[in-house]
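One-letter residues, chain by chain:
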Amino acid sequence: MPPFRFAAGGKEPVMPASATSAASIRQPVVAGRFYPADPAALARETAAYLAEAGAPSDKPTLLAMAPHAGAVYSGPVAGKTLGAANLADTLLLLGPNHTGRGGRLAVWSDGAWRIPGRDVPVEAALAEALLAAAPGLSPDRAAHLGEHSLEVLLPFVTAVRPGCRIVPVAVAESRPGVLAETAQAMAEVLAAWSGPVSIIVSSDMSHYLPEAAAKKRDSLALARVLALDPQGLLDVVRREDISMCGVLPMTLGLLIAQALGATSARLAAYATSGEVSGDYDQVVGYAGVLVE
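The paragraphs below set out a description of the structure included in this document. (Residues numbered from 1 in each chain as written. Predicted model: local features only at pLDDT ≥ 70, side-chain atom pairs only at ≥ 80, totals over all residues. Heavy atoms only, no water.)

### Some points on the packing of helix H2 (residues 39–50) against helix H3 (residues 71–84)
The geometry of H2 relative to H3 is characterised by a closest axis approach of 7 Å and an angle of 60° between their N-to-C directions. Taken together, the axis directions place H2 and H3 in an arrangement best described as oblique. The crossing of H2 and H3 is right-handed. The residues of H3 that touch H2, namely those facing Glu45, Tyr49 and Leu50, are Ala71, Val72, Gly75, Pro76, Gly79, Lys80, Leu82 and Gly83. Residues belonging to the contact of H2 with H3 are distributed by class as follows: 6 nonpolar, 3 polar and 2 charged. (Axes fitted to C-alpha atoms, helices over the stretch in contact; angles between N-to-C directions. Helix = DSSP H or I, 4+ residues; strand = E, 2+ residues; numbered from the N terminus. Parallel < 35°, antiparallel > 145°, perpendicular 65-115°, else oblique. Left-handed = near helix turned anticlockwise from the far one by under 90°. Contact = heavy atoms within 4.5 Å. Nonpolar A, V, L, I, M, F, W, Y, C, P; charged D, E, K, R; others polar.)

Shown next as structure tokens:
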């Protein structure tokens, strides 16, 4: 059984006491469990996963979706996806909220996020502009303190963009109208920003199904993603009971990408946990998507 099941099932990781030692620094909560806590080991492991990617696209990546499980399970898909992305140095990170804490659209608006070996600065000016433009967004650290979904992608994005700056957003808003209004406001800010911004969405796919069933359900959701159809994605996930934990951030991300003129999407990688664990009776699906 994959060691990350406790998080995907809604039981939050335990936050170390050090996470409150400096209010503006978001401390890692799954280092040493989902990925190595030693900076050198983490760099080696991340580089190995990224090496499996094809050449980066010539076109700028508007949005990349990558999975967030333990690296031994989802690292190959994350590496193939983010290694093939042509990311900007400013990144809007959209992830699910597994813990249930905090607001529906929670922005970590300043300071930095720490992973082993480096602090990743938050682009506070962009966060402030987004908060001012989109009433649905709120400055909220509670949603992020025990949440792993964005943290586990930072080793990958900082390896391919060492000087990147981030705006992390935890998305638990399920009302389509609010997501659409928020996306439009966010897209207007990004379009007017002084430099390019890429969106990274963190999501796993189906959870704890036989592999054939997981692949079938995942294909239905991914068909709507690849068609750049955010409302269709939300509808099919609800109708078919697909346990895609990042469907809400992906819906928001696709809405923003649409407003910014996205024209195409491609599947960069797909795998299941069974390929690592050998347990094909209860798998988790992992997909990587690139939107241009």
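### Describing unusual backbone geometry
For residues besides glycine, phi is generally negative; the peptide bonds are generally trans as well. Residue Leu228 is not a glycine yet carries a positive backbone phi of 55°. Within the secondary structure layout, Leu228 lies in the loop between helix H8 (211–226) and helix H9 (230–239). Within the chain, Asp241 stands out as a residue other than glycine whose phi angle is a positive 55°. In this structure, Asp241 sits in the loop between H9 and helix H10 (247–259). Residue classification places Asp241 among the exposed positions, given a relative accessible area of 59%. (Buried < 20%, exposed > 50% of the residue type's maximum accessible area, 1.4 Å probe, protein only.)

### A word on the pairing of strand S5 (residues 112–115)
Pairing of strand S1 (residues 25–26) with S5 involves 2 bridges; the strand directions are parallel. Across the sheet, the residue bridging to Arg26 is Trp113, located in S5. Pairing analysis gives 4 bridges linking S5 to strand S6 (residues 118–121), with the strands arranged antiparallel. Across the sheet, residue Ile115 finds its bridge partner in S6, namely Arg118. A loop of 2 residues connects S5 with S6, the two strands running antiparallel in sequence, and Gly117 in this loop sits at a positive phi of about 100°. (Pairing = 2+ DSSP bridges.)

### Considering the pairing of strand S12 (residues 283–291)
Most of S12 sits out of view: 9 of its 9 residues are buried. Burial along S12 is two-sided: the face carrying Val283, Gly285, Ala287, Val289 and Val291 and the face carrying Val284, Tyr286, Gly288 and Leu290 are both buried. Sheet topology places strand S2 (residues 63–66) next to S12; 3 bridges connect them, and they run antiparallel. Residue pairing across strands places Met65 opposite Val289, the latter belonging to S12. Pairing geometry for strand S10 (residues 207–209) and S12, over 2 bridges, is antiparallel. Following the sheet pairing, Leu209 is matched in S12 by Val283. Across 7 bridges, the pairing between strand S11 (residues 265–272) and S12 is antiparallel.

### Remarks on the packing of aromatic side chains
The geometry of an aromatic ring pair is captured by the separation of the ring centres together with the interplanar angle, meaning the angle of the planes. Tallied over the full model, the rule gives 2 aromatic pairs. Plain terms: the ring middles of Tyr49 and Phe156 are 6.3 Å apart, the flat faces sit at 35° to each other, and that makes the pair tilted. Within this pair, whereas Tyr49 is found in helix H2, its partner Phe156 is found in helix H6 (residues 154–160), the two being separated by 107 residues in sequence. Given a relative accessible area of 15%, Tyr49 falls into the buried group. A residue is classified by how much of its surface remains accessible, and Phe156, at 6% relative accessible area, is buried. (Phe/Tyr/Trp six-rings, centres within 6.5 Å; stacked < 30°, edge-to-face > 60°.)

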